[in-house]
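Read off the chains here:
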Amino acid sequence: MRAPVTDLPIVLEDVSFSAGGVTILDRISLVLVAGSPTVLIGPNGAGKTTLLRLVMGLIAPTRGRVTWGGREQASPTHRAIVFQRPAMLRRSAAGNIRYALAAAGVPRARRAAHALALGALVGLTGLERRPARKLSGGEQQRLALARALAKEPQLLLLDEPTASLDPAATKAIEDVIRKVAASGIKVVMSTHDLGEAKRLAGEIVLVHRGRVIESGAAETFFAAPKTIEARRFIAGELLV
Ligand SMILES: Nc1ncnc2c1ncn2[C@@H]1O[C@H](COP(=O)(O)OP(=O)(O)O)[C@@H](O)[C@H]1O
Ligand SMILES: [Mg+2]
């Protein structure tokens, strides 16, 4: 019997990423392990989205290396990413999920039931037949989560999943994230919302100007930040 292939841990060794002559990520070393969510925090432009794209394997480092479960260039079948403004297909909510299931290789006969179950998991029961593009921002974000889960990922990457959502919509997304994490899927997400980081994170990675300023257990990070930047960020000051 083959050992199950896993993407974890994800190891970034001295990783930089430059584009157009600009260093966007600067010599980052980071290990992402199984367990509770890792939350990337930092101001706009810090490099969070770029870091998530590297971890997904969508872009390659210009220096250093990334490995998934000890392998370079691991195929992304065990990973899924949800971008900040996910594009909805011009279909029903359930149609969007079924499309993702088809892409994931789920046989046609099983897609309808599976789509209903995924819709229920993200709290979209009753909205399955609505045109996806007519759903609210929060509902679209949850639909995007359901599509990502159709891949049965071991690792789910979320880029600012609650950006520009109101508190009720934010709570609904955070509830899904907690459920997903409790089911054993490793969540790595970004936010510039400190409250959200406190509510969800097992581990915090503070990114500022393309560097990892501080990382570690969320409890320790918030109770005893080691760097000036972390102390300032936690105090609600603007990092510029
Ligand atoms: N492909 C690219 N070419 C040039 N600059 C980029 C590219 N991608 C991102 N950037 C720049 O890199 C910085 C970090 O971007 P990003 O990763 O989106 O930060 P964050 O998600 O933390 O807001 C920003 O200044 C952004 O404009
Ligand atoms: Mg971003």
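S.K.: What should I look at first to understand the overall build of the protein in this one?
M.R.: Broken down by element type, the protein carries eight helices and nine strands. Burial status across the protein gives 40% buried among its 240 residues. Long-range pairs, those at least 24 residues apart, make up 66% of the contacts in the protein with a sequence separation of at least 6.

S.K.: When you look at the packing of helix 2 (residues 93-103) against helix 4 (residues 137-149) in this model, what are you seeing that I'm missing?
M.R.: Axis angle and axis distance: for two packed helices, these are the angle between their axes and the distance between the axes, and together they describe the pair. Orientation of helix 2 relative to helix 4, taken along the N-to-C sense of each, is 25°, at an axis distance of 8 Å. Judged by the angle between their axes, helix 2 and helix 4 are roughly parallel. Between helix 2 and helix 4 lies a crossing whose hand is right-handed. Counting all contacts with helix 2, which are made through A93, N96, I97 and A100, the residues of helix 4 involved are L143, A146 and R147. In terms of residue class, the contact of helix 2 with helix 4 is made up of five nonpolar, one polar and one charged.

S.K.: Help me understand the nonpolar core in this model?
M.R.: One broad trend across soluble globular proteins is that nonpolar side chains are buried collectively. Counting residues in hydrophobic clusters, the biggest one holds 63 residues, and the most contacted among them are I97, A146 and L156. Ranked by the residues each element gives to this core, the list is headed by helix 4, at six residues. Sequence-distant contacts of I97, that is, excluding residues within four places in its chain, are made with A115, L118, G119, A146, R147 and A150.

S.K.: Would you mind showing me how to read the site of ligand 1 here?
M.R.: Neighbouring ligand 1 are the residues A19, G20, V22, I24, G42, N44, G45, A46, G47, K48, T49 and T50. Listed by contribution, the elements that provide at least two residues to the shell around ligand 1 are strand 2 (22-32) and helix 1 (48-56). The element that contributes the greatest number of residues to the shell around ligand 1 is helix 1, accounting for three residues. Of the residues that constitute the shell around ligand 1, the class distribution is four nonpolar, seven polar and one charged.

S.K.: Got a minute to help me understand the environment of P76 in this structure?
M.R.: Looking at the element boundaries, P76 is found in the loop between strand 4 (63-68) and strand 5 (79-82). Along the backbone, P76 and R142 are 66 residues apart, and their C-alpha atoms lie at a distance of 21 Å.

Procedures and definitions
Residues numbered from 1 in each chain as written. Chains lettered and ligands numbered in written order. Predicted model: local features only at pLDDT ≥ 70, side-chain atom pairs only at ≥ 80, totals over all residues. Helix = DSSP H or I, 4+ residues; strand = E, 2+ residues; numbered from the N terminus. Buried ≥ 20, exposed ≤ 12 C-beta atoms within 10 Å, placed from the backbone. Contact = placed C-beta atoms within 7 Å. Axes fitted to C-alpha atoms, helices over the stretch in contact; angles between N-to-C directions. Parallel < 35°, antiparallel > 145°, perpendicular 65-115°, else oblique. Left-handed = near helix turned anticlockwise from the far one by under 90°. Nonpolar A, V, L, I, M, F, W, Y, C, P; charged D, E, K, R; others polar. Core = buried A, V, L, I, M, F, W, Y, C linked by C-beta atoms within 7 Å. Near = placed C-beta within 6 Å.

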